[in-house]
Amino acid sequence: MIKKLQRKFVMITMISLLAVLLLVVGGINGLNIFQVTGKSDILLEMLAENGGRFPKQWDKGNHPPGMTEETVQKDAEETVPKDAEETMPKDAEETMPKDAEETVPKDPEGQTGEGRKQEEAFAEPQDKGIRGRGGLFGYRMSEETPFETRYFSVTIPAAKAGSENAADVSQMQIDLTHVAAVTEEEAASFAGEVLKKDREKGYCGQYKYQKTVKEDGQTLLVFVDCGNDLQSIRNFAVISLIVAFFCLVLVLFLVSVLSGRAIRPVIESMEKQRQFITDAGHEIKTPIAIILANAEVIEMCEGESEWTRSIRNQVERLGELVRNLLTLSRLDEMQDRLQTADFSCSETVRESVDAFAPMAQAKGLKMEKNIPEGLYMNGCEANIRQLVTILMDNAVKYSPEEGSVRVSLEKKERYLELSVCNDCQEIPEGDLNRLFDRFYRADSSRSRETGGYGIGLSVAQAIVKAHKGKITARAEDRGICFTAKLPVNEKKNMTLK
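Residues numbered from 1 in each chain as written. Predicted model: local features only at pLDDT ≥ 70, side-chain atom pairs only at ≥ 80, totals over all residues. Heavy atoms only, no water.

1. Focus on the sheet that holds strand 10 (residues 415-423)
Thinking step 1. Spatial strand order, 7-9-10-12-11: 5 strands in an open sheet with mixed pairing. A strand with exactly one partner marks an edge of an open sheet, and here the two such strands are strand 7 (366-370) and strand 11 (470-475). Here the strands of the sheet are splayed against their neighbours by 10° on average, with no regard to which way each runs.
Thinking step 2. As paired elements, strand 7 and strand 9 (residues 404-411) share 5 bridges and run parallel to each other. By the bridge assignment for strand 9, Asn 370 is matched with Ser 408.
Thinking step 3. Across the sheet, helix 14 (residues 381-398) touches strand 7, strand 9, strand 10, strand 11 and strand 12 (479-487), and the angle it forms with strand 10 is around 20°. (Pairing = 2+ DSSP bridges. Helix = DSSP H or I, 4+ residues; strand = E, 2+ residues; numbered from the N terminus. Axes fitted to C-alpha atoms, helices over the stretch in contact; angles between N-to-C directions. Contact = heavy atoms within 4.5 Å.)

2. Concerning the confidence of the model for the chain
Thinking step 1. This prediction gives the chain a mean pLDDT of 77; 74% of its residues lie at or above 70.
Thinking step 2. Here residues 58-69 scores under 50 on pLDDT; set against residues more than four positions off or in separate chains, the count is 21 contacts.
Thinking step 3. This stretch, residues 78-132, has a pLDDT under 50; its non-local contacts, to residues over four places away or in other chains, come to 43 contacts. (pLDDT = per-residue confidence, 0-100.)

3. Observations regarding the sheet that holds strand 5 (residues 219-225)
Neighbouring strands of a sheet are bound in pairs by backbone hydrogen bonds; such pairs are parallel or else antiparallel.
Thinking step 1. Taken in spatial order, the 5 strands line up as 2-1-5-4-3 in an open sheet, and their pairing is antiparallel. Sheet topology places strand 2 (173-175) and strand 3 (201-204) at the edges, where each strand pairs with a single neighbour. Taken over all neighbouring pairs, the strand axes of this sheet differ in orientation by 20° on average, direction set aside.
Thinking step 2. Alignment of strand 4 (residues 207-213) against strand 5, held across 7 bridges, turns out to be antiparallel. Residue pairing across strands places Gln 210 opposite Val 222, the latter belonging to strand 5.

4. A few points about the pattern of salt bridges
Thinking step 1. As enumerated under the stated definition, the model contains 17 salt bridges in all.
Thinking step 2. Arg 385 is the partner of Glu 381 in a salt bridge, and the nearest nitrogen-oxygen pair spans 3.1 Å. Within this pair, Glu 381 and its partner Arg 385 are both found in helix 14, separated by 4 residues, close to a single helical turn.
Thinking step 3. Residue classification places Arg 385 among the partly exposed positions, given a relative accessible area of 28%.
Thinking step 4. Across the pair Asp 393 and Lys 397 runs a salt bridge, and its minimum N-O distance is 3.1 Å. Remark: Lys 397 and Asp 393 occur in helix 14; sequence separation between them is 4 residues, near one turn of the helix.
Thinking step 5. On the basis of relative accessible area, Lys 397 is assigned to the partly exposed category, the value being 25%. (Salt bridge = Lys/Arg side-chain N within 4 Å of Asp/Glu carboxyl O. Buried < 20%, exposed > 50% of the residue type's maximum accessible area, 1.4 Å probe, protein only.)

5. Structural notes on the state of the cysteines
Thinking step 1. Overall, the coordinates contain 1 disulfide when judged by the stated rule.
Thinking step 2. Sulfur-sulfur distance for the disulfide between Cys 421 and Cys 481 comes to 2.2 Å. With a gap of 60 residues between them, Cys 421 in strand 10 and Cys 481 in strand 12 connect regions that are remote in the sequence. Cys 481 carries the same exposure label as Cys 421, and that label is buried. (Disulfide = S-S within 2.5 Å.)

If you want it as structure tokens, here you go:
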């Protein structure tokens, strides 16, 4: 009993820890995957918006972290050659007529119209700028991002985007400037595979892609190498699982060693309760025997009366209660070291059932038996006999007159199934397995009439558990049925066959 309680304590602790570790490891890996996939999505969106390349100019407010307008202006001034100023004539500005500057039209920003037109003509297309997703788990780009990212792009003409020859290299514009591990044939193969999938985003091996249809009908496919990121996800997952496993092993060792101390108060309480029941039972036996002897002396001197009969009945009930309590205490103590032997379960059950035939006949009950020959089991024969006696006594007591009691013993796959069913006027409501609780009585008034204390079924359950079996109660159309599953002796039964 103590070892079983200790095993349950260790099992509950480890299951709770396993649930917590799975939640923590799963959450951390989920956040890691979210961050890595978010990074690749941002890169793909930026490359797709800028024609398959990183932007070369920064808009105001879109400079990378640490880059301001002052630093950009300063870098631009440093690029002007110094000899340009030296070669300019000093009197150039003096010789220029003042009204010449006034005649040149200027825009509100101070730039001449012709100069602005020339700048607009030679300026590159406006880029979208580098941006990143902020937040606690976001991704921020820097000046090194374009050099750290390995990517390539494939542009497919509108006329070939949906044709079967979409994977022809000659019909594609392939940019492999920023990747060295992919050839043009492989890029074309990736493009054809993406077009067959008909998905805007996804993976082709270690490359994540995004498909974008331009305004002119061309299809732009951008691929970003996520091999290192995917490998880091796998490594992080494996490492976290290994750490969690070693944590489980360490906690299992510590809990197994220290569980004895943790449940020591409970064990001491159970031991004291069992010892109290045993001592009290033995102490009560003496006054019970004295009371019964005095009642017999009174009957010998003055004859039998209703008072002496009442004394004898109550003493017998109290003696039965004491015996059942002592049996429970003994079974709880001997569950792990029950003395067992091979015996014929068929004969034991049949003899115990036949002992109740006179009681059933006096009450007008119909007895139905289905007990085949040659069923053996390994256990305590006296306990099994007591189990059948308890179930039969309960069935005969609570069956209405002219009712029926049905007893069957069957061999299942790895156990023997003993069923005792009886008719019942009123089936108890709720969970019928509560009938096995100690001193539980579904109907107190009816229990007083039949002389029960509500402990007999508890003894039956203790006997079945001591034999590593299981007993249950279920309601039927006409009454209630108790079923006990007991381990079978396979070798003995095979020999008899």
